[in-house]
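# An overview of the molecular structure
The lines below spell out each chain.
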Amino acid sequence: MTFLSHLLHRKLAGNLRVRDFAFHPMDEADCPEIRAVRLSDGKYYVWKGPQDSPNQVLEFDSRWACLVRDVLDGMVLDLPNRRGIRANDLILREDQGKWRLVGVDTSFHALLRRLTLGLWKGESEERHRLEWKYLEFLRGQPEQVEEEAAYQGKISRLAPGDIAALTDSISYLQAAELLLLLPEPTATSVFQSLQPARQAQIFGELSLRRQAAIVSLMSPDLACELLARLGIQATETLLPRLELNQRLRLLSLLRFPAHLAAGRMTNDILSLPEQTSVEKARQVFARRPPRFYQFLYLTNAKQELVGMLSSAHLIAAADPEQPLAELATRYVNAIPADQPARAAAYEVLRSQLAALPVVGSHGELLGVFTVDLALDTVLSPSLGSQLPRVFT
């Protein structure tokens, strides 16, 4: 085990001193390999160890990160403890002829070691030494991310809510880089968990392709709120790039003012003709489960709401040929589209149901107002964004 502070400023052949080391942050190994050493002449060389006299010059790869420039004194994410922590010193180790970055020292001893240029020999406690394989490092350079690389980093193993909480301890540029590294569904879940102000900071740093992917995968109600904050110009740029069904859902919602129930509802639901058989409904449900799947809504030939059925009843139905109309309840409390959103929210909360349907002036089904939306409406934005979204 060798500390970075013991290697820095070491004089090598030709009176050149060690200034930095380079590694590839997308290295899939638990401990990334040291690719090069930068000496005091500003050039990068092949590094074989502390006793080596580097002489083979390498061309710097823009995808590389540097230990001193990018990691030392920077924030790394301690995944087991769900926190951001500062790297006071770095630990390197030789492994089968290759030098690797294996850990971070976060102790006060690490600072003394650096201030004394490696002369301080005090040992830090084991609890202050964190293994690199349990850390995530972000450079804060989202433009350097290769989205097509399909990075499956360590942080992608955490739940989206945990990842969102971790972003509070890093800069918005690092958070944007993180969203570009994550798989699109996970990135979308993380983005939806962020507070609106944080979303606005991060969204502009994402590539246009990732912006469109996130909006396509978002719950329609949250996507409409985001587009409203972004403004008309950004909306006109994004909408043509969205997946067709999501684009149509958003266009249907954007025509309603945000202060009305229809302006706050979600329309990613499953509605079927009332004479649809149980087996047919199961097939439709299996092909593309909607975001709100707790209830199925039945409509007549005029697209008017005539009943609803829980997905549990659909699954438990004994006769696959039975029409849904025979299983559904006709006593459905529906919210008018032009009802104020706050009044609709309290009506949903009083109902003790996961959602209430929203209908137009002629009884046509438009969408549903869920408990998640109701809580977002009646609570302050900072508190509402921290609640888990159960139904959308």
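Residues numbered from 1 in each chain as written. Predicted model: local features only at pLDDT ≥ 70, side-chain atom pairs only at ≥ 80, totals over all residues. Heavy atoms only, no water.

### Some thoughts on the overall build of the protein
Per the secondary structure count, the protein includes 17 helices and 18 strands. Principal axes of the C-alpha set define a box for the protein whose edges measure 85 × 40 × 40 Å. Within the protein, the proportion of its 392 residues that are buried is 51%. Here the analysis covers contacts within the protein between residues at least 6 apart in sequence; of these, 59% occur between residues at least 24 apart. Counting every atom, the protein has about 18,800 Å² of accessible surface; 52% of that belongs to carbon and sulfur. If the 44 positive side-chain charges of the protein are averaged to one point and the 46 negative ones to another, these points end up 4 Å apart. (Helix = DSSP H or I, 4+ residues; strand = E, 2+ residues; numbered from the N terminus. Buried < 20%, exposed > 50% of the residue type's maximum accessible area, 1.4 Å probe, protein only. Contact = heavy atoms within 4.5 Å. Areas by Shrake-Rupley, 256 points an atom, 1.4 Å probe, with all protein chains shown as cover. Lys, Arg positive; Asp, Glu negative; His and termini not counted. Charge placed at Lys NZ, Arg CZ, Asp CG, Glu CD.)

### As for the nonpolar core
Counting residues in hydrophobic clusters, the biggest one holds 55 residues, and the most contacted among them are Ile 155 and Phe 369. Here the element with the most residues in this core is helix 5 (residues 172-181); it accounts for 6 residues. Leaving out residues up to four positions away in the same chain, Ile 155 has contacts with Leu 77, Leu 79, Glu 136, Ile 163, Leu 166, Leu 178 and Leu 182. (Core = buried A, V, L, I, M, F, W, Y, C linked by side-chain atoms within 4.5 Å.)

### A word on unusual backbone geometry
Positive phi is not limited to glycine here, since Asp 73 has a value of about 70 degrees. Relative to the assigned elements, Asp 73 resides in the loop between helix 2 (67-71) and strand 7 (75-78). On the basis of relative accessible area, Asp 73 is assigned to the partly exposed category, the value being 34%. Residue Arg 82 is not a glycine yet carries a positive backbone phi of 55 degrees. Among the structural elements, Arg 82 can be located in the loop between strand 7 and strand 8 (83-86).

### Points about the pairing of strand 13 (residues 270-273)
Every regular strand shows the same layout, with side chains that alternate between the two sheet faces. Here strand 13 runs beside strand 14 (residues 295-299); their pairing, made up of 4 bridges, is parallel. Looking across to strand 14, one finds that Pro 273 is bridged to Thr 299. The parallel pair strand 13 and strand 14, bridged by helix 13 (residues 278-287), forms a crossover whose chirality is right-handed. (Pairing = 2+ DSSP bridges. Right-handed = clockwise from strand over helix to strand, strands pointing away.)

### Some points on the side chain of Ser 277
By the secondary structure assignment, Ser 277 is in the loop between strand 13 and helix 13. At 3.1 Å, the side chain of Ser 277 and the backbone nitrogen of Lys 280 are in polar contact. Ser 277 has contacts with Pro 320, Glu 321, Gln 322, Pro 323 and Leu 324, leaving out every residue within four places of it along the chain. (Polar contact = N/O pair within 3.5 Å; in protein donor to acceptor, adjacent residues only side chain to side chain.)

### A few points about the sheet that holds strand 12 (residues 135-137)
Think of a sheet as strands paired side by side through backbone hydrogen bonds, with each pair either parallel or antiparallel. Spatial strand order, 8-7-12: 3 strands in an open sheet with antiparallel pairing. Looking along the sheet, the strands with just one partner apiece sit at the ends: strand 8 and strand 12. Strand after strand, the sheet turns through a mean of 35 degrees between neighbouring axes, direction not considered. In the sheet, strand 7 pairs with strand 8 via 4 bridges, with the strands oriented antiparallel. Bridge assignment links Val 76 to a residue of strand 8, and that residue is Ile 85. (Axes fitted to C-alpha atoms, helices over the stretch in contact; angles between N-to-C directions.)

### Considerations on helix 8 (residues 208-217)
With 7 of 10 residues buried, helix 8 lies mostly within the body of the structure. By the burial criterion, the buried members of helix 8 are Arg 210, Gln 211, Ala 212, Ala 213, Ile 214, Val 215 and Ser 216. The inward-facing, buried residues of helix 8 abut helix 5, helix 6 (184-193), helix 7 (196-203), helix 9 (220-230), helix 10 (232-238) and helix 11 (244-254).

### As for the packing of helix 9 against helix 11
Axis separation between helix 9 and helix 11 bottoms out at 10 Å; the angle between their running directions is 65 degrees. In terms of their interaxial angle, helix 9 and helix 11 are classed as roughly perpendicular. Considering the relative orientation of helix 9 and helix 11, their crossing is right-handed. Residue-level contacts link Pro 220, Asp 221, Ala 223, Cys 224 and Leu 227 of helix 9 to Gln 246, Arg 249, Leu 250, Leu 253 and Leu 254 of helix 11. Classifying every residue of the contact of helix 9 with helix 11 gives 7 nonpolar, 1 polar and 2 charged. (Parallel < 35°, antiparallel > 145°, perpendicular 65-115°, else oblique. Left-handed = near helix turned anticlockwise from the far one by under 90°. Nonpolar A, V, L, I, M, F, W, Y, C, P; charged D, E, K, R; others polar.)

### Remarks on a negative patch on the surface
A cluster of acidic side chains, namely Glu 279, Asp 319, Glu 321 and Glu 326, defines a negative patch on the protein surface. With respect to the helices and strands, Asp 319 occurs in the loop between helix 14 (311-316) and strand 16 (335-336). A relative accessible area of 38% means that Asp 319 is categorised as partly exposed. (Patch = residues over 30% accessible without salt bridge, like charges linked within 9 Å, V, L, I, M, F, W, Y side chains within 5 Å. Salt bridge = Lys/Arg side-chain N within 4 Å of Asp/Glu carboxyl O.)

### Some thoughts on the sheet that holds strand 2 (residues 18-23)
Strand order in this open sheet of 5 strands is 5-4-3-2-6, and the pairing throughout is antiparallel. Whereas interior strands pair on both sides, the edge strands pair on one side only; in this sheet they are strand 5 (57-58) and strand 6 (65-66). As paired elements, strand 4 (residues 44-45) and strand 5 share 2 bridges and run antiparallel to each other. Within the sheet, the bridge partner assigned to Tyr 44 lies in strand 5 and is Leu 58.

### Considering a nonpolar patch on the surface
Taken together, the side chains of Leu 244, Leu 248, Leu 251 and Leu 254 make up a nonpolar region of the molecular surface, amounting to roughly 340 Å² of accessible area. As for its placement among the helices and strands, Leu 244 is situated in helix 11.

### Observations regarding the packing of aromatic side chains
What the rule picks out here adds up to 9 aromatic pairs. Centre to centre, the rings of Phe 292 and Phe 295 are 6.2 Å apart; their planes meet at 45 degrees, and the pair counts as tilted. Accessibility assignment for this pair places Phe 292 and Phe 295 in one class, buried. Cluster of aromatic residues (ring-pair linked, three or more members): Phe 23, Trp 132 and Phe 137. Here the basic side chain of Arg 113 rests over the ring of Phe 3, its NZ or CZ set 3.7 Å away from the ring centre. (Phe/Tyr/Trp six-rings, centres within 6.5 Å; stacked < 30°, edge-to-face > 60°. Lys NZ or Arg CZ within 6 Å of the ring centre and 35° of its normal.)

So far we have only geometry, and geometry alone does not tell us how the molecule works.
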